[in-house]
Amino acid sequence: MIDVRNLYKNFGKVKVLKAVSVKIEKGEKVAIIGPSGSGKSTLLRCMNLLEDPTYGEVWINGRLITPVDPYLHPDIIVKTRTFRRIFRLRYDAVRCGYMTEKELEREVIADIKRHDYLRRFEGGEYRKAMRALSHKFGEKPDNVRRGIGMVFQHFNLFNNKTVLQNLTLAPVLLKLKTKQQATEQAMALLRRIGLADKAHVYPSTLSGGQKQRIAIVRALCMDPEYMLFDEPTSALDPEMVGEVLQLMTELAKGGMTMVIVTHEMGFAREVATRVLFMDDGRIAEDGTPEQVFGAPKNARLKDFLSKVL
């Protein structure tokens, strides 16, 4: 469902993500844990293009929503003039038995990537192949992002609109639902979380836990295929965390595909079907909660868990 391929994200000279690749299947509940500054939130924001990746690709439901990254498509590289030229020049290594043609092919591709030949030297033939790939698999990002629910750390509700207006604004503005349909759905969701009596009040009158539950319901009003949560409880008082985690647990039990950046280790252990541990911009360990929490292999993960559990 979500396929992140060789993702890099740089902020100036600071490299935040380094060759991150991960596939998230439909129905999975994936918790992303790790120390602050490890790239967790940046990875999440790259999944729905709130941040544009520096290199790499993001595929949603088999559709490419980022520009084509040429270095991920060696089948196109081997058709270029630059590849054929370098391949011929080095073919003596094959004749003399030092390597096979396949080994030479891999070496030439690596050399082309390393020296950036493609960006500097290739002409119409290469660009035509890239355009064809983009046309075949590419999708307008906004079309895909409508199916992505995003819940932020600080709620991001509109304070000058009532709770009900917050919930119905996007579906009506994007013409996904009529005002009546959006209102009926919003009220049904508010009743589900026990906040129907708050429909006509403003967010400033709500507690932190209520605001975050409203933010989750606002995302659900767009009928998302999957939900991204960026540390949804980190701005809450400890006594308010439980009510938000309870709603997220209900969503998980309902089969929603979820990716959650969290510091709540107990929640990750109980609800997630899979846990990713990030460190220094890379996925250092990927496994079930039982594997990650019960039998960690990575030394940095062991040190991290010893401090937070």
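What you see is a predicted model, and the numbers here were worked out from it, not measured in a lab.

J.: Help me understand the pairing of strand S9 (residues 274–279) in this model?
T.: For a regular strand, side-chain orientation follows a simple rule: the groups alternate between the two sheet faces. The buried fraction of S9 is high, at five of six residues. With four bridges joining them, strand S3 (residues 29–33) and S9 adopt parallel strand pairing. Looking at S9, one finds that Ala 31 is bridged to Val 275. Two strands pair when backbone bridges link them, and S9 and strand S10 (residues 282–287) are joined in this way by five bridges, in the antiparallel orientation. Looking at S10, one finds that Asp 279 is bridged to Arg 282. If you look at the hairpin formed by S9 and S10, you'll find two residues sitting between the two strands, and Asp 280 has a positive phi there, around 55 degrees.

J.: Looking at this model, I keep getting lost on a nonpolar patch on the surface. Mind explaining?
T.: On the surface, a cluster of nonpolar side chains totalling about 440 Å² of accessible area is made up of Phe 158, Leu 169, Leu 173, Leu 174 and Leu 176. As for its position among the elements, Leu 176 is in the loop between helix H9 (163–173) and helix H10 (179–192).

J.: How should I be thinking about the packing of aromatic side chains in this particular structure?
T.: For any pair of aromatic rings, geometry is given as the distance between the ring centres together with the angle between the planes. Scanning the model with the defined rule gives five aromatic pairs in all. A ring pair is formed by Tyr 8 and Tyr 55, whose centres lie 6.2 Å apart and whose planes are at 80 degrees; its orientation type is edge-to-face. Separated by 47 residues along the polypeptide, Tyr 8 in strand S1 (residues 2–11) and Tyr 55 in strand S4 (residues 55–60) bring together distant segments of the chain. Its relative accessible area of 29% is what places Tyr 8 among the partly exposed residues. Seen from their ring centres, Phe 277 and Phe 304 are 5.4 Å apart, and the 45 degrees between their planes marks the pair as tilted.

J.: Sorry, what's going on with the environment of Val 308 here?
T.: Assignment of secondary structure puts Val 308 in helix H15 (residues 299–308). Under the relative-accessibility criterion, Val 308 is labelled partly exposed at 40%. Separated by 133 residues in sequence, Val 308 and Lys 175 have C-alpha atoms that sit 45 Å apart.

J.: For this particular structure, what's the right way to read the sheet that holds strand S2 (residues 14–24)?
T.: Adjacent strands of a sheet pair through backbone hydrogen bonds, lying either parallel or antiparallel. The antiparallel open sheet is built from four strands, whose spatial order is S2-S1-S4-S5. The sheet is open, and its two edges are formed by S2 and strand S5 (63–64), each paired on a single side. Sheet analysis places S1 next to S4, joined by five bridges and oriented antiparallel. Bridging from a neighbouring strand, Val 4 pairs with Val 58 of S4. In the packing of helix H1 (residues 40–47) onto the sheet, contacts are made with S1, S2 and S4, and the angle to S1 comes to roughly 120 degrees.

J.: Sorry if this is basic, but what is going on with H9 here?
T.: Residue pairs spaced three or four apart in an α-helix point in one direction, given the helix's 3.6 residues per turn. The set of residues buried in H9 consists of Val 163, Leu 164, Asn 166, Leu 167, Thr 168 and Pro 171. Tucked into the core, H9 has its buried residues touching H10 and helix H11 (208–220).

J.: Got a minute to help me understand the packing of H11 against helix H12 (residues 238–253) in this structure?
T.: Packed helix pairs are characterised by how far apart their axes lie and by the angle those axes make with each other. Interhelical geometry of H11 versus H12 gives an angle of 20 degrees and a closest axis separation of 8 Å. Regarding the angle of H11 to H12, the classification is roughly parallel. For the pair H11 and H12, the crossing hand works out as right-handed. Only Met 240, Glu 243, Val 244, Leu 247, Met 248 and Leu 251 of H12 make contact with H11, whose side of the interface consists of Gly 208, Gly 209, Gln 210, Gln 212, Arg 213, Ile 216 and Leu 220. When the residues that make up the contact of H11 with H12 are grouped by side-chain class, the tally is seven nonpolar, four polar and two charged.

Calculation notes
Residues numbered from 1 in each chain as written. Predicted model: local features only at pLDDT ≥ 70, side-chain atom pairs only at ≥ 80, totals over all residues. Heavy atoms only, no water. Buried < 20%, exposed > 50% of the residue type's maximum accessible area, 1.4 Å probe, protein only. Helix = DSSP H or I, 4+ residues; strand = E, 2+ residues; numbered from the N terminus. Pairing = 2+ DSSP bridges. Patch = residues over 30% accessible without salt bridge, like charges linked within 9 Å, V, L, I, M, F, W, Y side chains within 5 Å. Areas by Shrake-Rupley, 256 points an atom, 1.4 Å probe, with all protein chains shown as cover. Salt bridge = Lys/Arg side-chain N within 4 Å of Asp/Glu carboxyl O. Phe/Tyr/Trp six-rings, centres within 6.5 Å; stacked < 30°, edge-to-face > 60°. Contact = heavy atoms within 4.5 Å. Axes fitted to C-alpha atoms, helices over the stretch in contact; angles between N-to-C directions. Parallel < 35°, antiparallel > 145°, perpendicular 65-115°, else oblique. Left-handed = near helix turned anticlockwise from the far one by under 90°. Nonpolar A, V, L, I, M, F, W, Y, C, P; charged D, E, K, R; others polar.

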